[in-house]
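# Architecture and fold: a report
Each chain, letter by letter, is given below.
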Amino acid sequence: MTKPVARAPQRRNARSNRARILATARRELGRNPDTTLEELARAAGVVRRTLFGHFPGRAALLEALAEEASEVLRGAMADATQPAGSAGPPEPADRALARFTLLMWPVGDRYRMLLALARHDLGVERVAEILAPARAEVTAILERGRRDGAFPAHLPPAVLSAGLEAMIVALLEQVNTGALEDDGTRAAVATLIAAGVPERRARTVVEDVRPAVAAEAVPAD
């Protein structure tokens, strides 16, 4: 299926308008997935014609958000897979999984409304395309951790990776409803525990890793 394409801005004020519309869409759609384009235009402080000049319809706007999320995810993954100042052998797998979760959480939090809109508007296949690199990285960490004894071999790595992803999605949905507040710490601990790390060890690892990754996390708008 051909992806809807938003019109490329050419002037500086056009780029500014486009960025403001996307930031507003992330915020407002996170609050209410049924927000209309007209309501988004008002919230962004632009006229309807300006919004439609950039995004001819809802599908084009959501595809632009999906592409933006994909780019941010790739940037965060580069930090997660190549820790600043890293040298020598790779860090232990439990630390790597904690680091990955902590660095990915702000991306998921920023674009969590895409999860609510995925099946209806974007389609599961598009979301799977966006998440494919992260899924592969987590699977690789789990495979390494199982070889090194950091994680038990109770499930195949790819299956466990899918389960961890589903749990993170569920936690993000709870953030969406207001039932959970988290900066990623609780999610990282839960991820390690679900991967088979004892709770005390999981908390110690996350508390040790968290200060080092705090400055690298993607800031929220």
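It should be noted that the structure appears before, not after, this text.
In what follows, the accompanying structure is described.

About the criteria used
- Residues numbered from 1 in each chain as written.
- Predicted model: local features only at pLDDT ≥ 70, side-chain atom pairs only at ≥ 80, totals over all residues.
- Heavy atoms only, no water.
- Helix = DSSP H or I, 4+ residues; strand = E, 2+ residues; numbered from the N terminus.
- Buried < 20%, exposed > 50% of the residue type's maximum accessible area, 1.4 Å probe, protein only.
- Contact = heavy atoms within 4.5 Å.
- Axes fitted to C-alpha atoms, helices over the stretch in contact; angles between N-to-C directions.
- Parallel < 35°, antiparallel > 145°, perpendicular 65-115°, else oblique.
- Left-handed = near helix turned anticlockwise from the far one by under 90°.
- Arc of directions from axis to C-beta.
- Polar contact = N/O pair within 3.5 Å; in protein donor to acceptor, adjacent residues only side chain to side chain.
- Salt bridge = Lys/Arg side-chain N within 4 Å of Asp/Glu carboxyl O.
- Core = buried A, V, L, I, M, F, W, Y, C linked by side-chain atoms within 4.5 Å.

Before going further, it helps to examine the overall build of the protein. For the protein, the count of helices and strands is 10 helices and 0 strands. Going from the N terminus to the C terminus, the protein shows its helices and strands as α-α-α-α-α-α-α-α-α-α. The buried share of the protein, reckoned over its 221 residues, is 43%. Considering only contacts within the protein whose residues lie at least 6 apart along the sequence, 72% involve residues at least 24 apart.

Interhelical geometry of helix 9 (residues 185-194) versus helix 10 (residues 199-214) gives an angle of 140° and a closest axis separation of 9 Å. It follows that helix 9 is oblique to helix 10 by the angle criterion. Note that helix 9 runs across helix 10; the crossing there is right-handed. Residues Thr185, Ala188, Val189, Leu192 and Ile193 of helix 9 touch helix 10, and the partners they reach there are Glu199, Ala202, Arg203, Val205, Val206, Glu207 and Arg210.

What follows covers helix 2 (residues 37-44). Looking at helix 2, one finds that the buried residues are Leu37, Leu40, Ala41 and Ala44. Taken down its axis, helix 2 places every buried residue within 100° of arc, on the same side.

By secondary structure assignment, the location of glutamate 28 is in helix 1 (residues 12-31). Exposure remark for glutamate 28: the relative accessible area of 16% places this residue in the buried category. One polar contact links glutamate 28 to arginine 27, side chain to side chain, over a distance of 3.0 Å. Among residues more than four places away in sequence, those in contact with glutamate 28 are Thr35, Leu40 and Ala43.

What follows covers the pattern of salt bridges. One pass over the full model with this rule turns up 14 salt bridges. In this structure, arginine 27 engages glutamate 28 in a salt bridge whose closest nitrogen and oxygen atoms are separated by 3.0 Å.

Take the nonpolar core next. Formed by 55 residues in total, the largest nonpolar core has its most connected members in Leu61, Leu65, Leu97, Leu142, Phe151 and Leu192. Among the elements that line this core, the one with the most residues is helix 4 (residues 58-81), at 11 residues. Among the nonpolar cores identified, the runner-up in size contains 6 residues, and Trp105, Val175, Leu180 and Ala187 belong to it.

Glancing now at the environment of tryptophan 105. Checked against the element boundaries, tryptophan 105 lands in helix 5 (residues 93-110). Between the C-alpha atom of tryptophan 105 and that of alanine 76, which follows or precedes it by 29 residues, the distance is 9.8 Å. Beyond its immediate sequence surroundings of up to four residues, tryptophan 105 is in contact with Ile168, Leu171, Leu172, Val175, Asp182, Asp183, Gly184 and Ala187.

What follows deals with the environment of glutamate 67. Relative to the assigned elements, glutamate 67 resides in helix 4. A relative accessible area of 31% means that glutamate 67 is categorised as partly exposed. Sequence separation between glutamate 67 and arginine 126 is 59 residues, and the spatial gap between their C-alpha atoms is 9.9 Å. Only 3.3 Å separates the side chain of glutamate 67 from the side chain of arginine 126, close enough to count as a polar contact.

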